[in-house]
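Here are the chains, one letter per residue:
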Amino acid sequence: MDYSQFLALKQEIGLLIVFLLVFLYDTFAPRKAQNSLPVISTLLMLVLTLWGFCPCVKADAVAFAGMYVTSPVMVAIKNILNVGVVIVLIQSIKWANSEFTSVRRGEFYELILLTLLGMYFMISSRHFLMFVIGLETASLPLCALVAFDKNRYESHEAAIKYVLTAVFSSAILLMGLSYVYGLTGSLYYSDIAVACTANMGVMMIVALAFVMAGFGFKISLVPFHLWTADVYQGAPTSVTSYLSVISKGSAAFAFLVVLTQVFGTLYTAAWEWMLYALIILTITVGNLFAMRQVNMKRFLAFSSISQAGYIMLAVIGDNPMGVSALMFYILVYVFSNLAAFGVIGAIENATGKLQMTDYNGLYKTNPRLAFTMMLAMFSLAGIPPFAGFFSKFFVFTSALNGTESVALYVLVLIALINTIISLYYYLLVVKAMFINDSEQPIATFRSACSERMGMWICVAGIIGLGIISYFYNYLLTVG
């Protein structure tokens, strides 16, 4: 075996080094130095993120007989995930050092890094065996993270639901892959793509349906979304923000790769129409159920379900512009969603309040938090000139690029109508903060420095990505 091919895994090796350093510090550092673990973990992750932008990392490479592939596109999506993880780690510093979490804060950071390593392998895999290894490496530690707050019944319930969902979704996905292997005799993406050209029978379409259902659970596409709201509500807020952004972003990109590179020849025959139905259901159901929520974490859960439908629009285009639009949408979603979760986490850590009615009159007592939440809602709703408007615009453009399909125009029209519907429930939060009065509003408090820093980064991203076109141009060039 040629061990030099491990050098192709530059980002994976870098992440593994960060994991080992965090583990060693957590294990051997004296008790007085343990409070510095969250800051050290965040700084190490920041160094890894900055290193990911070096030219030496972006070179094309193939390892393990073609099972692992890296390219500038994959490096870019990993860098986007790294940025999101850094923000999550910054926002979680106060929570990690709290009285109830400090005794096991090392496990929190180690599990986060381990799940990210699995997501790296999902993105770079070109063989379904490596993909499944990456998927399980990303999924199993997330079960422990969801159950991290072991003193709360809701956390136990959320963990059980997430474990069962992960098991059933993996079983469905593996069932589909077993059909694919039986029909093609290979698990390499390229070999399956060639075999699909010659074999477009009913069983291949059934196998594709199983694969899409397995991914649907991971991305929270309707009707595979029922676990999402309960898990988001029961998990610690820092874990919920990680689930809603990082996990969803990596699964969406992996789904794009599998559909286009493995089952690309079945586009018009099968998965185009399957994905049409999933997108319409996901956006519409997510919007309708978000209107009914009174808990902020459940509210953002159904919001993230709807956003998953918009992300999938980039896959429909089946063109290079779609890849760039998907990466840009995930980047914008990182800043927008984490800004909202940053405000929710700061208020929860200070007061323990999570109901939407608790936010009534927030602007009068905590204007900066209200302003940050307002920007996040405007960006998620797609209101110009914030970044969310341009992410939706690029996704719609990529879906319609070079097409004459009436059905695709109808799909985009339905998505546009749902964007208008989403304005209603996002503005409900803004209305609560700026217009509604409360006899007992959230008292004025000063959030932790780390929480403020995380929110400042998110606000800068929401505004910067909306007015500077360089970022999308860069991703379009890479794609």
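Residues numbered from 1 in each chain as written. Predicted model: local features only at pLDDT ≥ 70, side-chain atom pairs only at ≥ 80, totals over all residues. Heavy atoms only, no water.

Undergrad: Looking at this structure, how should I read the overall build of the protein?
TA: What the protein contains, in helices and strands, is 20 helices and 2 strands. Expected size for 479 residues packed as a compact globule is a radius of gyration near 23 Å; at 22 Å, the protein falls within 12% of this value. In terms of principal-axis extent, the alpha carbons of the protein reach across some 70 × 55 × 45 Å. Within the protein, buried positions represent 60% of all 479 residues. About 18500 Å² of surface is accessible on the protein, with carbon and sulfur atoms providing 70% of the total. Treating the 24 positive side-chain charges of the protein as one cloud and the 21 negative ones as another, the clouds have centres 8 Å apart. (Helix = DSSP H or I, 4+ residues; strand = E, 2+ residues; numbered from the N terminus. Rg over C-alpha atoms; globule rule 2.2 N^0.38 Å. Buried < 20%, exposed > 50% of the residue type's maximum accessible area, 1.4 Å probe, protein only. Areas by Shrake-Rupley, 256 points an atom, 1.4 Å probe, with all protein chains shown as cover. Lys, Arg positive; Asp, Glu negative; His and termini not counted. Charge placed at Lys NZ, Arg CZ, Asp CG, Glu CD.)

Undergrad: What is the right way to read the packing of helix 16 (residues 367–381) against helix 19 (residues 449–467) from this model?
TA: How two helices pack is summed up by the angle between their axes together with the distance between the axes. Running from amino to carboxyl end, helix 16 crosses helix 19 at an angle of 40°, the nearest separation of the two axes being 10 Å. One way to sum up the angle between helix 16 and helix 19 is to call them oblique. The two elements helix 16 and helix 19 cross, and the hand of that crossing is left-handed. Contacts between helix 16 and helix 19 involve Leu369, Thr372, Leu375, Ala376 and Ser379 on the former and, on the latter, Met455, Val459, Ile462 and Ile463. Tallied by class, residues from the contact of helix 16 with helix 19 come to 7 nonpolar, 2 polar and no charged. (Axes fitted to C-alpha atoms, helices over the stretch in contact; angles between N-to-C directions. Parallel < 35°, antiparallel > 145°, perpendicular 65-115°, else oblique. Left-handed = near helix turned anticlockwise from the far one by under 90°. Contact = heavy atoms within 4.5 Å. Nonpolar A, V, L, I, M, F, W, Y, C, P; charged D, E, K, R; others polar.)

Undergrad: Mind showing me how you'd approach the environment of Phe371 here?
TA: For Phe371, the position within the fold is in helix 16. Residue Phe371 is classed as partly exposed on the basis of its relative accessible area of 40%. Taking the C-alpha atoms as reference, Phe371 lies 44 Å from Ala171; in sequence the two are 200 residues apart.

Undergrad: Explanation requested: unusual backbone geometry in the structure shown.
TA: When glycine is set aside, most residues are seen to have a negative phi, and most peptide bonds are trans. In this structure, Pro223 follows Val222 across a cis peptide bond, with omega equal to 10°. Relative to the elements of secondary structure, Pro223 occurs in the loop between helix 9 (202–219) and helix 10 (228–234). A cis amide bond links Pro384 with the next residue in sequence, Pro385, at an omega value of 5°. Along the chain, Pro385 falls in the loop between helix 16 and helix 17 (387–400). Residues other than glycine seldom take positive phi values, yet Ala65 does so here, at roughly 55°. You can see Ala65 is positioned in the loop between strand 1 (61–63) and strand 2 (68–70).

Undergrad: Help me out: how do you make sense of the environment of Met291 in this one?
TA: Tracing the sequence through the fold places Met291 in the loop between helix 12 (267–290) and helix 13 (296–316). Given a relative accessible area of 29%, Met291 falls into the partly exposed group. Once the C-alpha coordinates of Met291 and Tyr426 are considered, the two residues, 135 residues apart in sequence, prove to be 8.7 Å apart.

Undergrad: Honestly, the pattern of salt bridges in this entry has me stumped. Any pointers?
TA: One side chain can pair with another of opposite charge once the charged atoms of both are near each other. In the structure shown here, the tally under the stated rule is 5 salt bridges. A salt bridge links Glu12 to Lys78; the nearest nitrogen and oxygen atoms lie 2.7 Å apart. Highlighted residues: Glu12 in helix 1 (residues 10–28) and Lys78 in helix 3 (residues 72–91), separated in sequence by 66 residues. Note on Lys78: relative accessible area 0%, which makes it buried. With a closest N to O distance of 3.1 Å, Lys364 and Asp437 form a salt bridge. Linking Lys364 in helix 15 (residues 362–365) with Asp437 in the loop between helix 18 (406–434) and helix 19, this pair joins segments that are 73 residues apart in sequence. On the accessibility criterion, Lys364 (63% relative accessible area) is exposed. The network of salt bridges with common partners includes Glu157, Lys161, Asp230 and Arg298. (Salt bridge = Lys/Arg side-chain N within 4 Å of Asp/Glu carboxyl O.)

Undergrad: Help me understand helix 17, please; the structure alone is not making it clear to me.
TA: One turn of the α-helix equals 3.6 residues, which is why residues spaced by three or four share an orientation. Helix length check: helix 17 (14 residues) gives 20 Å between terminal C-alpha atoms against 20 Å at 1.5 Å per residue, within 8%. By the burial criterion, the buried members of helix 17 are Ala387, Gly388, Ser391, Lys392, Phe394, Val395, Phe396, Ser398 and Ala399. (Expected span 1.5 Å × (residues − 1).)

Undergrad: Explain the environment of Leu116 to me, please; I cannot follow it from the model alone.
TA: For Leu116, the location among the structural elements is in helix 5 (residues 105–124). Separated by 130 residues in the primary sequence, Leu116 and Ile246 place their C-alpha atoms 8.3 Å from one another. In this structure, Leu116 is in contact with Leu15, Met45, Leu81, Asn82, Val85, Tyr242 and Ile246, ignoring residues within four places of it in sequence.

Undergrad: When you look at the side chain of Ser447 in this model, what are you seeing that I'm missing?
TA: With respect to the element layout, Ser447 can be found in the loop between helix 18 and helix 19. With relative accessibility at 9%, the residue Ser447 sits in the buried group.

Undergrad: When you look at the packing of aromatic side chains in this model, what are you seeing that I'm missing?
TA: Given two aromatic rings, one states the distance between the centres and the angle between the planes to describe the pair. Summed over all chains, the structure comprises 23 aromatic pairs. Judged by centre distance (5.0 Å) and plane angle (80°), the rings of Phe108 and Tyr109 are edge-to-face. Of the residues examined, Tyr109 reaches a relative accessible area of 1% and is grouped as buried. Ring geometry for Phe128 and Phe131: centres 6.1 Å apart, planes at 90°, overall edge-to-face. Within this pair, Phe128 and its partner Phe131 are both found in helix 6 (residues 128–146), separated by 3 residues, close to a single helical turn. On the accessibility criterion, Phe128 (1% relative accessible area) is buried. (Phe/Tyr/Trp six-rings, centres within 6.5 Å; stacked < 30°, edge-to-face > 60°.)

Undergrad: What exactly am I supposed to notice about the side chain of Ser220 here?
TA: Tracing the backbone through its elements, the reader meets Ser220 in the loop between helix 9 and helix 10. Here Ser220 falls in the buried class, since its relative accessible area comes to 1%. Among the polar contacts made by the side chain of Ser220, one reaches the side chain of Thr228 at a distance of 3.0 Å. (Polar contact = N/O pair within 3.5 Å; in protein donor to acceptor, adjacent residues only side chain to side chain.)

Undergrad: What am I meant to see in the nonpolar core here?
TA: Generally speaking, a soluble globular protein has its nonpolar side chains buried in company with each other. In this structure, Phe253, Phe263 and Leu275 are the most contacted members of the largest nonpolar core, which totals 174 residues. Counting residues per element, this core draws most heavily on helix 14 (residues 320–351), which supplies 20 residues. Not counting residues up to four positions away in its chain, the partners in contact with Leu275 are Met212, Phe255, Leu259, Met312, Val315 and Ile316. (Core = buried A, V, L, I, M, F, W, Y, C linked by side-chain atoms within 4.5 Å.)

Undergrad: I'm lost on the packing of helix 11 (residues 237–262) against helix 13 in this one. Help?
TA: The interhelical angle for the contact between helix 11 and helix 13, taken along N-to-C directions, is 15°, at an axis separation of 11 Å. Compared by their axis directions, helix 11 and helix 13 come out roughly parallel. The two elements helix 11 and helix 13 meet at a crossing, and its hand is right-handed. Where helix 11 abuts helix 13, its residues Thr237, Thr240, Lys248, Ala252, Phe255, Leu256 and Leu259 lie against Lys297, Ser304, Ala308, Ile311, Met312 and Val315. Looking at the contact of helix 11 with helix 13, its residues break down into 8 nonpolar, 3 polar and 2 charged.

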